Amino acid sequence: MVHIIVELSKYLMLLLFACYTYICFTVLGKRKSEKKQKRILKRQQRLIFLIHLYAYAVIFAVNRNVEVLISYVMQVVLLRCIFIIYRYIYKRASGLVANNMCMLLAIGFIILYRLEPDKAARQFQIAVAATVVTMIVPFFIHKLHFLDKLAWVYAGAGIALLLVVAVLGAKSYGANLSFQFAGVAVQPSEFVKIIFVFFAASMLYHSTGFAQVVKTTVVAAVHVLILVVSKDLGAALIFFITYLVMLYVATRKLSYFAGGLVCGSLASVVAYHLFGHVRVRVTAWKDPLSVIDTDGYQVCQSLFAIGTGGWFGMGLYQGMPSKIPVVDQDFVFAAISEEMGGLFAVCLLMVCASCYLMFLNIAMQMRDQFYKLLALGLGTVYGFQVFLTVGGVIKFIPSTGVTLPLVSYGGSSLLSTFIIFAIIQGLYILREDQVGGPGREAVGIADSQATDRWMEK
């Protein structure tokens, strides 16, 4: 009986997720009435709850534990509260961004409960705290108009936090990543990347002259170098690429972008020769089977899991994702692919792409250059982190040890991603104030005139 439930549920969840993903992109197409858009977004929400329900039906059928039901109900309440916040408190926020955030969060709860129920419980607690903390973020983004004047405050705070980790941080897989605060492990780089985007946006907003670019680049380089010294090379790469994209968009000078790529390539070669764990990851990427008993074990197990799952997956509890080291953090995408299927994993990537496109859409439509760069930078942080995570799992690039936002286990990562989405919602509300009015689209349809003005600049 359990086997039948598992088999039926995986096809039902895939079908529902495919419908959800289809809506993510079709809702951005032809202009629709506000009432029709709201109906579509509510349909998406029902799909989220159905996928969540079917997954927990399988989990309960396998475990036969009342704690499963309690966890399910509590997660439903949390998701419902998030929807209520954006429906009644922030009425002009983006429904699609809120839906995507909740969908990714629900998938994270499902796969983490299947892998490690205790970690899933902690993830839920952090998600509740993150929801409470970030409730006020859109309000502050909407109301505070001096955020572009605090560039050096952002720089000082970011560098100070990174230095604390470099000096006092606990080592994890060869890198100084976190420190203990009130008994809780905190990974500051997850929050500094947000502060860093504010810094770069502030500096480039006030001027894009050569002197200003040099000052901004020097401070950005200090951030990256501290992360390199801490051996947190995944975060360093995210900072570097984010700054490079923001610099190019702000200045429109290809020479800056090309020069940055050359410097980054040279730095990668230097890092390869300086750090042993970088050489280990490159070796595991080039030919993991040749070192399957040592350095390539994690990558090989990830590829085996993805291949075993095929397009439709083994079904929850039918695979062996626990054989992948650190599967709940760096390699959660492999676990999803094995048990929920390659097609499900592709849909997951498409939802992440939908989030990234929404971030860019909001950036293009913002009239204020500071907010435009802010949305662009946060979107780049999010999109590039997804690329690094998934690329490492499928052996497209060497593993960098970063998490899949909202899905992987990790309190700092979860809270920082909540903050990013809340800031984007605040920017979206600002955008609605600028170009909106009664009947304006609620999901971020591109305004062609606003886009043309931005491109001309």
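Our structure's up above, just so we're on the same page.
What counts, and where the lines are drawn
Residues numbered from 1 in each chain as written. Predicted model: local features only at pLDDT ≥ 70, side-chain atom pairs only at ≥ 80, totals over all residues. Heavy atoms only, no water. Helix = DSSP H or I, 4+ residues; strand = E, 2+ residues; numbered from the N terminus. Rg over C-alpha atoms; globule rule 2.2 N^0.38 Å. Buried < 20%, exposed > 50% of the residue type's maximum accessible area, 1.4 Å probe, protein only. Contact = heavy atoms within 4.5 Å. Lys, Arg positive; Asp, Glu negative; His and termini not counted. Charge placed at Lys NZ, Arg CZ, Asp CG, Glu CD. Patch = residues over 30% accessible without salt bridge, like charges linked within 9 Å, V, L, I, M, F, W, Y side chains within 5 Å. Areas by Shrake-Rupley, 256 points an atom, 1.4 Å probe, with all protein chains shown as cover. Salt bridge = Lys/Arg side-chain N within 4 Å of Asp/Glu carboxyl O. Core = buried A, V, L, I, M, F, W, Y, C linked by side-chain atoms within 4.5 Å. Axes fitted to C-alpha atoms, helices over the stretch in contact; angles between N-to-C directions. Parallel < 35°, antiparallel > 145°, perpendicular 65-115°, else oblique. Polar contact = N/O pair within 3.5 Å; in protein donor to acceptor, adjacent residues only side chain to side chain. Phe/Tyr/Trp six-rings, centres within 6.5 Å; stacked < 30°, edge-to-face > 60°. Lys NZ or Arg CZ within 6 Å of the ring centre and 35° of its normal. Left-handed = near helix turned anticlockwise from the far one by under 90°. Nonpolar A, V, L, I, M, F, W, Y, C, P; charged D, E, K, R; others polar.

(A) Region of interest: the overall build of the protein chain. Assigned secondary structure in the protein chain consists of 18 helices and three strands. For 457 residues, the compact-globule formula gives about 23 Å, and the C-alpha radius of gyration of the protein chain, at 22 Å, lands near that figure. Burial analysis of the protein chain (457 residues in total) assigns 54% to the buried set. Looking at the protein chain alone, contacts between residues at least 24 apart form 74% of all its contacts between residues at least 6 apart. Treating the 38 positive side-chain charges of the protein chain as one cloud and the 22 negative ones as another, the clouds have centres 8 Å apart.

(B) Examining a nonpolar patch on the surface more closely. A cluster of nonpolar residues, Ile-84, Tyr-88, Ile-89, Met-135, Ile-136, Phe-139 and Phe-140, forms a patch on the protein surface that exposes about 660 Å² of accessible area. Breaking the nonpolar patch down by element, the ones donating at least two residues are helix H3 (66-89) and helix H6 (137-143). At three residues, the largest contribution of residues to the nonpolar patch is made by H3. On the secondary structure map, Met-135 appears in the loop between helix H5 (117-134) and H6. Its relative accessible area of 31% is what places Met-135 among the partly exposed residues.

(C) Representation of the nonpolar core within the structure. Counting 139 residues, the largest nonpolar core has Phe-17, Leu-104, Leu-105, Phe-198, Leu-374, Ile-423 and Leu-427 as its most contacted members. When residues of this core are assigned to their parent elements, the largest contribution, 16 residues, is made by helix H4 (residues 95-115). Once you skip the residues sitting within four places of it in the chain, Ile-423 turns out to touch Val-137, Ile-141, Ile-194, Phe-198, Leu-374 and Leu-378.

(D) Seen up close, unusual backbone geometry. For Val-326, which is not glycine, the phi torsion reads 55° and is therefore positive. Considering the arrangement of structural elements, one finds Val-326 in the loop between helix H13 (297-309) and helix H14 (332-340). Even without being glycine, Leu-406 reaches a positive phi, approximately 75°. As for its position among the elements, Leu-406 is in the loop between helix H16 (369-393) and helix H17 (411-435).

(E) Structural context of the packing of H4 against H5. At their nearest, the axes of H4 and H5 sit 6 Å apart, and the two run at 150° to each other. In this view, H4 runs roughly antiparallel relative to H5, as classed from their interaxial angle. Taking contact as the criterion, the partners of Leu-105, Phe-109, Leu-112, Tyr-113 and Leu-115 in H4 are, on H5, Pro-117, Ala-120, Gln-123, Phe-124 and Ala-127.

(F) Geometry of the side chain of Asn-100. With respect to the helices, strands and loops of the structure, Asn-100 is situated in helix H4. Note on Asn-100: relative accessible area 0%, which makes it buried. Looking at Asn-100, its side chain comes within polar contact range of the side chain of Ser-354, at 3.1 Å.

(G) The arrangement of the packing of aromatic side chains in detail. This model, assessed by the stated rule, comprises 23 aromatic pairs. Taking the centre distance of 6.4 Å and the plane angle of 40° together, the rings of Phe-196 and Phe-199 count as tilted. Separated by three residues within a single helix, Phe-196 and Phe-199 lie in helix H8 (residues 189-206), roughly one turn from each other. Judged on exposure class, the residue Phe-196 and its partner Phe-199 are both buried. Note on Phe-196 and Phe-239: the rings are 5.1 Å apart at their centroids and 40° apart in plane angle, and the pair reads as tilted. Of this pair, Phe-196 sits in helix H8 while Phe-239 sits in helix H10 (residues 233-251); the two residues are 43 residues apart in sequence, bridging distant segments of the chain. Looking at Phe-196, the relative accessible area reads 1%, which means it is buried. Each member of the aromatic cluster is reached from another via a ring pair, and the members are Trp-152, Phe-196, Phe-199, Phe-239 and Tyr-243. The cationic tip of Arg-114 hangs over the ring face of Tyr-317; the distance from NZ or CZ to the ring centre is 4.7 Å. Here the basic side chain of Arg-431 rests over the ring of Tyr-428, its NZ or CZ set 4.9 Å away from the ring centre.

(H) Region of interest: the packing of helix H15 (residues 342-365) against H16. One can describe the packing of H15 onto H16 by two numbers: an axis separation of 8 Å at closest approach and a directional angle of 165°. The orientation of H15 relative to H16 falls into the category roughly antiparallel. Considering how the two elements wind past one another, H15 and H16 form a crossing that is left-handed. On H16, the residues that touch Leu-349, Cys-352, Cys-355, Tyr-356, Phe-359, Leu-360, Ile-362, Ala-363 and Met-364 of H15 are Lys-372, Ala-375, Leu-376, Leu-378, Gly-379, Thr-380, Tyr-382, Gly-383, Val-386 and Val-390. For the contact of H15 with H16, a count of residues per class yields 15 nonpolar, three polar and one charged.

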